[in-house]
Amino acid sequence: KAGVTQTPRYLIKTRGQQVTLSCSPISGHRSVSWYQQTPGQGLQFLFEYFSETQRNKGNFPGRFSGRQFSNSRSEMNVSTLELGDSALYLCASSLGDTIYFGEGSWLTVV
Amino acid sequence: GQQVMQIPQYQHVQEGEDFTTYCNSSTTLSNIQWYKQRPGGHPVFLIQLVKSGEVKKQKRLTFQFGEAKKNSSLHITATQTTDVGTYFCAGEAGYALNFGKGTSLLVTP
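Fair warning: this is a prediction, and the values are worked out from it, not measured in the lab.

### Points about unusual backbone geometry
Residue and element names in this part refer to chain A.
Working step 1: Residue T7 is joined to P8 through a cis peptide bond whose omega torsion reads -10°.
Working step 2: With respect to the helices and strands, the residue P8 is situated in the loop between β1 (5-7) and β2 (10-13).
Working step 3: Even without being glycine, E52 reaches a positive phi, approximately 70°.
Working step 4: As for its placement among the helices and strands, E52 is situated in the loop between β5 (42-50) and β6 (53-57).
Working step 5: At T80, a position not held by glycine, the phi torsion is positive, near 45°.
Working step 6: With a relative accessible area of 45%, T80 lands in the partly exposed category.

Spelled out as structure tokens, the structure:
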């Protein structure tokens, strides 16, 4: 059974650009959540989706957005990138109590 | 809002020594989860504790949930080099996980 798949794995963007990250959850998992991981702030919750509905959103500016499709795949978008957005962006899917993380997308903003 | 604090931030042990990381929440938790992240890797779910005073074991790992459901600990007996990584606790709050900053464990042979 395939795990959580995130694409792209690595990317470099310049300030002011926008980026879209994709996440394919484990088959059958309908809950998808996103986290930002940085050395300074650790793992911080971005948002969670279930059946195409955002159920919770973390304390991030409106430049960070997401969506979930009918097949449970999810995307997150960051507009007007800032240097501080450089981070590992992790997607996680769950069915019940166990949460499975993808390998993440490493974003570098220069 | 809920804050989850974890100590120590770093721990360096000799192989065979024990290791403990502690997690404290500012609010009562419905449950607490523990994750391990190897260097360069992603967090991997270890366990979830739900009941007050619960103790669970996974081989050399022992997890405890406090009676007040505001603190938890992870104890590793006789560490091995394969235990290297960062251990995170996380409290659940409204479909989100609030993670502690983690304890990075370094084990030298």
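The structure having been displayed, the exposition proceeds.
### Quick look at the interface of chain B and chain A
Working step 1: Of the residues lining the interface, 15 residues belong to chain B; the matching set on chain A comes to 18 residues.
Working step 2: Across the interface of chain B and chain A, roughly 1,500 Å² is buried in total on both sides, 59% from carbon and sulfur atoms.
Working step 3: When the buried area of chain B at its contact with chain A is split by residue, H42(B), Y95(B) and F99(B) rank highest and sum to 35% of it.
Working step 4: Joining chain B to chain A, the criterion identifies zero salt bridges.
Working step 5: Between chain B and chain A we count two residue pairs in polar contact (both at pLDDT 80 or more) in total.
Working step 6: Of all the elements in the fold, those that place two or more residues in the side of chain B that touches chain A are β4 (32-37), β5 (44-49), β9 (85-93) and β10 (96-99) of chain B.
Working step 7: Of the residues assigned to the side of chain B that touches chain A, the class counts are nine nonpolar, five polar and one charged.

Criteria and thresholds
Residues numbered from 1 in each chain as written. Chains lettered and ligands numbered in written order. Predicted model: local features only at pLDDT ≥ 70, side-chain atom pairs only at ≥ 80, totals over all residues. Heavy atoms only, no water. Helix = DSSP H or I, 4+ residues; strand = E, 2+ residues; numbered from the N terminus. Buried < 20%, exposed > 50% of the residue type's maximum accessible area, 1.4 Å probe, protein only. Contact = heavy atoms within 4.5 Å. Buried area = accessible area lost by both parts, 1.4 Å probe. Salt bridge = Lys/Arg side-chain N within 4 Å of Asp/Glu carboxyl O. Polar contact = N/O pair within 3.5 Å; in protein donor to acceptor, adjacent residues only side chain to side chain. Nonpolar A, V, L, I, M, F, W, Y, C, P; charged D, E, K, R; others polar.

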